Amino acid sequence: MRDHSKGPQGHEGDEKPDAVGTPSPAGSGTELGVWTGRATNRIQWLLAAAGAACLALGVELAVDSAWTSGLAPLLMSVVGCVAAGLLMLYGTLAFVHVAVRVDTEALEVRCGHIGVPRTRIPLTHVVGADFAPRVTPRQWGGWGYRWLPEKGTAVVVRRGEGFVLRLGDGRSFTVTVDDAEDAVRAIRDGLRRAAGRRATA
């Protein structure tokens, strides 16, 4: 799990994701409600299928080949197919969707079906949030969990809307998610409430 308590750590799909951000009230009317949202790119399933095919080819070569035409070339082919298949499967399944949660204390981002990588950023380390109408994998050099020294960190699962967090250490954290404007409002509301609590403490 990545924890941004001390600052952030860092294929292109065209399909419109199909999930919707959902605000829900917290237990107390004076506290920020919980906002959840996600983004999905189904086109990445095609790459997952290609990865599964590479993996199957490697297994097929290992099981059905006579191994008489030379051990080294065949072994390299098997290892190459299996490694490429596993890499493609992990890369697509881990970043086929992203789930975002904003509550009274932090913003949390989980990737893929097992929620890894996972990033948690306390709102006390956020100085602002901005809506980004168009984030593309090309801007970040691909999809997934990205880091560029001149731009900051991003979680990109598809092209489209997202939001950009401005952190207290000068870095930024970008996430592609549906209903990103609602996410920005929830984050800004949380920041205002946190500032109000500090002022009255």
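We now turn to the structure provided with this report.

What counts as what
- Residue positions are given per chain, counted from 1 along the sequence in the order it is written.
- Owing to the predicted nature of the model, reporting of local features is limited to residues with pLDDT of at least 70; listing and counting of side-chain atom pairs is limited to 80 or more, with chain, interface and lining totals taken over all residues.
- Side-chain numbers here rest on the full set of heavy atoms in the structure, without hydrogens or water.
- Any Phe, Tyr or Trp ring, taking Trp's six-membered ring, that has another such ring centre within 6.5 Å forms a pair; planes under 30 degrees apart are called stacked, those over 60 apart edge-to-face, and the others tilted.
- Per the convention used, a helix needs a DSSP run of H or I reaching at least four residues, while a strand needs a run of E reaching at least two, with both numbered from the N terminus.
- The cut-offs for exposure are 20% and 50% of the maximum accessible area for each residue type, with area from a 1.4 Å probe on protein chains only; residues under the lower value are buried, those over the upper are exposed, and the others partly exposed.
- In this analysis the charged atom, NZ for Lys or CZ for Arg, is taken to sit over a ring once it is within 6 Å of the ring centre and within 35 degrees of the ring normal.
- We count a salt bridge whenever a side-chain nitrogen from Lys or Arg sits within 4 Å of a carboxyl oxygen from Asp or Glu.
- For this analysis, residues touch if any pair of their heavy atoms sits within 4.5 Å.

Brief notes about the packing of aromatic side chains
(1) Moving on: Within the structure shown, the criterion is met by one aromatic pair.
(2) Moving on: Aromatic pair Tyr 145 and Phe 173: ring centres 6.4 Å apart, planes at 50 degrees, arrangement tilted. Taken as a pair, Tyr 145 in strand 8 (residues 144-148) and Phe 173 in strand 11 (residues 172-176) lie far apart in primary sequence, 28 residues in all.
(3) Moving on: Look at Tyr 145 and you get buried, because its relative accessible area is 14%.
(4) Moving on: Geometry around Trp 140 places Lys 151 over its ring, the cationic atom sitting 4.6 Å from the centre.

Focus on the pattern of salt bridges
(1) Moving on: Across all of its chains, the model carries 11 salt bridges by this definition.
(2) Moving on: Between Glu 108 and Arg 118 there is a salt bridge, with its nearest N and O atoms 2.7 Å apart. In this pair, Glu 108 sits in strand 5 (residues 106-111) while Arg 118 sits in strand 6 (residues 118-122), placing the two residues 10 residues apart along the sequence.
(3) Moving on: Using a relative accessible area of 14% as the deciding quantity, one classes Glu 108 as buried.
(4) Moving on: The class of Arg 118 is partly exposed, set by a relative accessible area of 23%.
(5) Moving on: One network of salt bridges, with partners in common, ties together Glu 108, Arg 110 and Arg 118.

Quick word on the environment of Ala 129
(1) Moving on: As for its position among the elements, Ala 129 is in strand 7 (residues 126-135).
(2) Moving on: Distance in space between the C-alpha atoms of Ala 129 and Phe 163 is 6.8 Å, their sequence separation being 34 residues.
(3) Moving on: Sequence-distant contacts of Ala 129, defined by excluding residues within four places in its chain, comprise Val 164, Leu 165, Arg 166, Val 184, Ile 187 and Arg 188.

Describing the environment of His 113
(1) Moving on: For His 113, the position within the fold is in the loop between strand 5 and strand 6.
(2) Moving on: Separated by 14 residues in sequence, His 113 and Ala 99 have C-alpha atoms that sit 9.7 Å apart.

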